[in-house]
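Reading the structure
Listed below, chain by chain, are the residues.
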Amino acid sequence: GQDTETVWHTPKGDLRQIRRTAPDGRTSYLAEHVIKSADDLPAFVYAMNDQQFKIAEDTVTEIRNRRELIGDQGLQCRGMPGTPLGMLIRVYAGPETTAYLTVDAPDALKDLFSVMEDNHMHQLSQVIEHTDIEVFLGMDDTSTTTQSPAMFEEYCVDYTNRIADYVHAQGRYYWHHSCGLIRNLLPLYRKTRINGVHAYTVPPT
């Protein structure tokens, strides 16, 4: 396999991530997450606040061409970042570190989630402004193997509703993606204003 190191330099400190590719070259995983402890949160908050986004013209053209091919036979769907909690578990910190942060640094974690929400909303507004995507998919990969229903209720329900309300106000739809093991989360999904659950398991589909 091969390791790819990504380093984020910020005035609050440096952050490092290592992605390891399997020998077959087809699969990869994060061997080292960018957030390893509460000490990394100030630098990560700075990085989230400092990001700038620009829609790629070739992507806009691709979406426009696909709309012409689809016509009135379907809807275009595009993935967007999941909830801040889901993104920490899946991408930035991993399930173990995220669980510790909820206990060791709950206030700093909530502050981070607020910054991440602003970051996600900015990304979403850019896509809505420049494309006619009809369905936005929050790529959360929610699963009770990595987060409890209590964690989802505390950190995700209000965020999901704010994102869904924004998308609905633009005349679009919002789905929440999960990869499975969500039976105990379904009552909480019903508290949200998402239009559907996007899952690879049955039920539900």
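This write-up is about the structure you can find in this document. (Residues numbered from 1 in each chain as written. Predicted model: local features only at pLDDT ≥ 70, side-chain atom pairs only at ≥ 80, totals over all residues. Heavy atoms only, no water.)

We now examine the state of the cysteines. Under the defined criterion, the tally for this structure stands at zero disulfides. Among the cysteines around Cys 156, which has no disulfide bond, Cys 179 carries the closest sulfur, lying 15 Å off. The thiol sulfur of Cys 179 is not disulfide-bonded, and the nearest other cysteine sulfur, from Cys 77, lies at 14 Å. (Disulfide = S-S within 2.5 Å.)

Right, let's talk about the pattern of salt bridges for a bit. In this structure the tally under the stated criterion is twelve salt bridges. The partner of Asp 141 in a salt bridge is Arg 90, and the shortest N-O contact between them spans 3.5 Å. Pair noted here: Asp 141 is in strand 5 (residues 135-142) and Arg 90 is in helix 3 (residues 84-92), with a separation of 51 residues, a long-range link. Judged by relative accessible area, Asp 141 falls into the partly exposed class, the value being 25%. You can call Arg 90 partly exposed: its relative accessible area is 35%. Here the residues in one salt-bridge network are Glu 5, Arg 16, Glu 32 and Lys 36, joined through shared partners. (Salt bridge = Lys/Arg side-chain N within 4 Å of Asp/Glu carboxyl O. Helix = DSSP H or I, 4+ residues; strand = E, 2+ residues; numbered from the N terminus. Buried < 20%, exposed > 50% of the residue type's maximum accessible area, 1.4 Å probe, protein only.)

Turning our attention to the sheet that holds strand 3 (residues 28-32). Here three strands make up an open sheet; going across it, the order is 1-2-3 and the pairing antiparallel. Strands at the two margins of the open sheet, each flanked by one partner only, are strand 1 (2-10) and strand 3. Going from strand to strand, the sheet's axes swing by 25° on average, the running direction of each strand aside. Pairing analysis gives four bridges linking strand 2 (residues 13-21) to strand 3, with the strands arranged antiparallel. By the bridge assignment, Thr 21 is partnered in strand 3 with Ser 28. Each of strand 1 and strand 2 touches helix 1 (residues 41-50); the most contacted strand, strand 1, lies at about 85° to it. (Pairing = 2+ DSSP bridges. Axes fitted to C-alpha atoms, helices over the stretch in contact; angles between N-to-C directions. Contact = heavy atoms within 4.5 Å.)

Keep in mind that most residues, glycine aside, have a negative phi and that most peptide bonds are trans. The phi dihedral of Asp 141 is positive, around 50°, even though this residue is not glycine. The phi dihedral of Leu 181 is positive, around 55°, even though this residue is not glycine. On the secondary structure map, Leu 181 appears in the loop between strand 6 (173-178) and helix 8 (186-189). The exposure class of Leu 181 is exposed, given its relative accessible area of 57%.

Spatial relationships are all this shows, so hold off on functional conclusions.
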